[in-house]
Amino acid sequence: MRKVLYMLDLALAAILLLSSCSDNESVEAGKFKCVFDALDWGNGTTTYVIGHKSPDTDAVCSAITYAYLMKALGYQCEARVAGKLNNETKMVLERFGIEVPEVMDNADGERMIMTDHSELLQAIEGMDKARILQIIDHHALGSAVTSAPLYCRIMPVGSTCSVVYTSFKDYGVTIGKDMAGLMLSALLSDTNNMTSTTTTDVDRMMYAELLPLSGITDTESYYREMSDSLASYSGMTDEEIFFSDYKDYGTESVGKDIGVAVVNSLDEAAQASLRNRMAKFMPTALEKRKREMVFAMIINKTDNYTDIIYYGDGAKETAEKAFGTSDKDYIRCEGQLSRKNDFIPAISKALTEMTNTLDIEESSSLASATKSGIVGELTD
């Protein structure tokens, strides 16, 4: 009897949930929009949507498009950026007539939605003291934690804007030219024009739908313009270049406190120049970011290869274990490596294996020393 009553209670709760979700709209169109209503939006308070520090095109465009989506659903949200934009992102926003969002450098006490990251090391200051309502991302779940339930949508797709796209579809919000252009641009940027190993069927479906909506008629030409803008570092200092696309990773996620920069070039001359400039700056980067190791991926987008440079105690050994030895002061890899799918997994594996080997060696040394001590005592 108790079981029957329990099942009736569950059924009644489900009916009430569906009724509340379908107020003035079908459940199919609303897709359980009421889950958003359960979040602590505050009374007349603005919730800020923001990507990671050293913002790239996906971080910025996902924040803008997701804030647009939330506003369309009736929530008071505004996009913010976590720092100076790179030239590619500036070009994309200008192309689609979107104003650059205001810079936000502290989230303490604010209501926040994080896009394109969930790692506090990559977030603006004060995120650990903010009310994080949502996380929208395409990376592994990071260190952001909340005291109250949150809405979290993380998918293994090519860009965070791909996740945003699925949200537009699920909640039945029309995608206009500007939002289509931003999401498509972020997808092209993060997947190297749909050639990256991170590209999925969801991304391909998104590409096919958003391309005609965006008004872009020649994606090859448009992506080439994006790449030219991204690799244009004219007038920038070495520090600005290094940190223009940079992320920190902690011991809990990769095994040591490391930092990884991505820098782009379009020819071998620029490649060599950037390798030298970044290598000279890396000691400063190590100190500024309080890292044990720093790495930089110098990507040649024209000839399709990646040079890895490194600095810090054990950085060379770690990079060589992950990507092979080299008789130069850098390691060259075929293809345009993805920081998320290629570099971080390989470095994390290398650090784990090196740590395990060190632990075994230390245990063996301790065992030998103990044995020698016992033998010595017996001899005495």
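Residues numbered from 1 in each chain as written. Predicted model: local features only at pLDDT ≥ 70, side-chain atom pairs only at ≥ 80, totals over all residues. Heavy atoms only, no water.

### Topic: the layout of surface pockets
Rolled over the atoms, a probe as big as a water molecule pinpoints where empty space is left. The space that makes up the largest pocket amounts to roughly 740 Å³. Forming the boundary of the largest pocket are 39 residues, of which His139, Lys247, Ser338, Arg339 and Lys340 lie nearest the centre. Every element with two or more residues in the lining of the largest pocket is listed here: helix H7 (177–190), helix H9 (219–230), strand S6 (246–249), helix H11 (251–254), strand S7 (258–265), strand S8 (293–300) and helix H14 (339–379). For the lining of the largest pocket, the leading source of residues is H14, giving four residues. Partitioning the lining of the largest pocket into residue classes produces twelve nonpolar, 16 polar and eleven charged. If you add up the space inside the second largest pocket, you get close to 440 Å³. Lining the second largest pocket are 27 residues, and of these Ser54, Pro55, Gly83, Lys84 and Phe243 sit closest to its centre. For the lining of the second largest pocket, the secondary structure elements donating two or more residues are helix H5 (87–95) and S6. A total of three residues in the lining of the second largest pocket trace back to one element, the largest contributor, which is S6. (1 Å grid on protein atoms, 1.4 Å probe; cavity = no way out; pocket = protein on both sides within 12 Å on 5 of 7 lines; lining within 4 Å. Points joined across faces, edges and corners; volume = space filled by probe spheres on them. Helix = DSSP H or I, 4+ residues; strand = E, 2+ residues; numbered from the N terminus. Nonpolar A, V, L, I, M, F, W, Y, C, P; charged D, E, K, R; others polar.)

### Some remarks on the packing of aromatic side chains
Enumeration according to the criterion identifies twelve aromatic pairs in this entry. Arranged with centres 5.4 Å apart and planes meeting at 15°, the rings of Phe323 and Phe343 form a pair that is stacked. Of this pair, Phe323 sits in helix H13 (residues 315–323) while Phe343 sits in helix H14; the two residues are 20 residues apart in sequence, bridging distant segments of the chain. In this pair, the class of Phe323 matches that of Phe343, namely buried. One aromatic cluster in this structure is built from Phe36, Trp41, Tyr75, Tyr151 and Tyr171. (Phe/Tyr/Trp six-rings, centres within 6.5 Å; stacked < 30°, edge-to-face > 60°. Buried < 20%, exposed > 50% of the residue type's maximum accessible area, 1.4 Å probe, protein only.)

### Remarks on the sheet that holds strand S9 (residues 305–312)
Ordered in space as S6-S7-S8-S9-S10, the five strands form an open sheet in which the pairing is mixed. For this open sheet the edge positions go to S6 and strand S10 (331–334), each flanked by a neighbour on one side alone. For this sheet, the mean inter-axis angle between neighbouring strands, taken without regard to orientation, is 20°. Looking at chain direction, S6 and S7 are connected through four bridges and run antiparallel. Counted as the bridge partner of Tyr246 is Ala261 from S7. Contacts from H13 reach S8, S9 and S10 within the one sheet, and its direction differs from that of S9 by about 150°. (Pairing = 2+ DSSP bridges. Axes fitted to C-alpha atoms, helices over the stretch in contact; angles between N-to-C directions. Contact = heavy atoms within 4.5 Å.)

### Notes on the packing of H7 against helix H8 (residues 201–214)
Running from N to C, H7 and H8 point in directions that differ by 135°, and their axes come no closer than 9 Å. Regarding the angle of H7 to H8, the classification is oblique. Regarding H7 and H8, the two cross each other, and that crossing is left-handed. Taking contact as the criterion, the partners of Lys177, Ala180, Gly181, Met183, Leu184, Leu187 and Leu188 in H7 are, on H8, Asp203, Met206, Tyr207, Leu210, Leu211, Leu213 and Ser214. Considering only residue class, the contact of H7 with H8 consists of ten nonpolar, two polar and two charged. (Parallel < 35°, antiparallel > 145°, perpendicular 65-115°, else oblique. Left-handed = near helix turned anticlockwise from the far one by under 90°.)

### Looking at the sheet that holds strand S2 (residues 77–80)
Across the sheet, five strands lie side by side as S2-S1-S3-S4-S5; this open sheet has parallel pairing. Lying at the two open borders of the sheet, with one neighbouring strand each, are S2 and strand S5 (151–154). Sheet twist, expressed as the mean angle between neighbouring strand axes with direction ignored, is 20°. Relative to the sheet, helix H4 (residues 57–72) contacts strand S1 (47–50), S2, strand S3 (111–115), strand S4 (131–137) and S5, its axis offset from that of S2 by approximately 170°. Those strands touched by helix H6 (residues 160–170) are S3, S4 and S5, and its axis lies near 100° from that of S4.

### Considerations on the environment of Lys316
You can see Lys316 is positioned in helix H13. Among the residues examined, Lys316 registers a relative accessible area of 35% and is labelled partly exposed. Placed ten residues apart in sequence, Lys316 and Ser326 show a C-alpha to C-alpha distance of 9.9 Å. A distance of 2.9 Å separates the side chain of Lys316 from the side chain of Glu320, its partner in a polar contact. (Polar contact = N/O pair within 3.5 Å; in protein donor to acceptor, adjacent residues only side chain to side chain.)

### Observations concerning the pattern of salt bridges
Scanning the entire structure with this criterion turns up 24 salt bridges. Among the salt bridges present, the one from Lys169 reaches Glu209, with a minimum N-O distance of 2.9 Å. Residue Lys169 is found in helix H6, and its partner Glu209 is found in helix H8; the two are separated by 40 residues along the sequence. Asp238 is the partner of Arg277 in a salt bridge, and the nearest nitrogen-oxygen pair spans 2.6 Å. Placement of Arg277 in helix H12 (residues 268–289) and of Asp238 in helix H10 (residues 238–242) is noted, with a sequence separation of 39 residues between them. For Arg277, a relative accessible area of 28% gives the class partly exposed. Under the relative-accessibility criterion, Asp238 is labelled partly exposed at 25%. A cluster of three or more residues bridged by salt bridges with shared partners is formed by Glu268, Arg275, Asp307 and Arg332. (Salt bridge = Lys/Arg side-chain N within 4 Å of Asp/Glu carboxyl O.)

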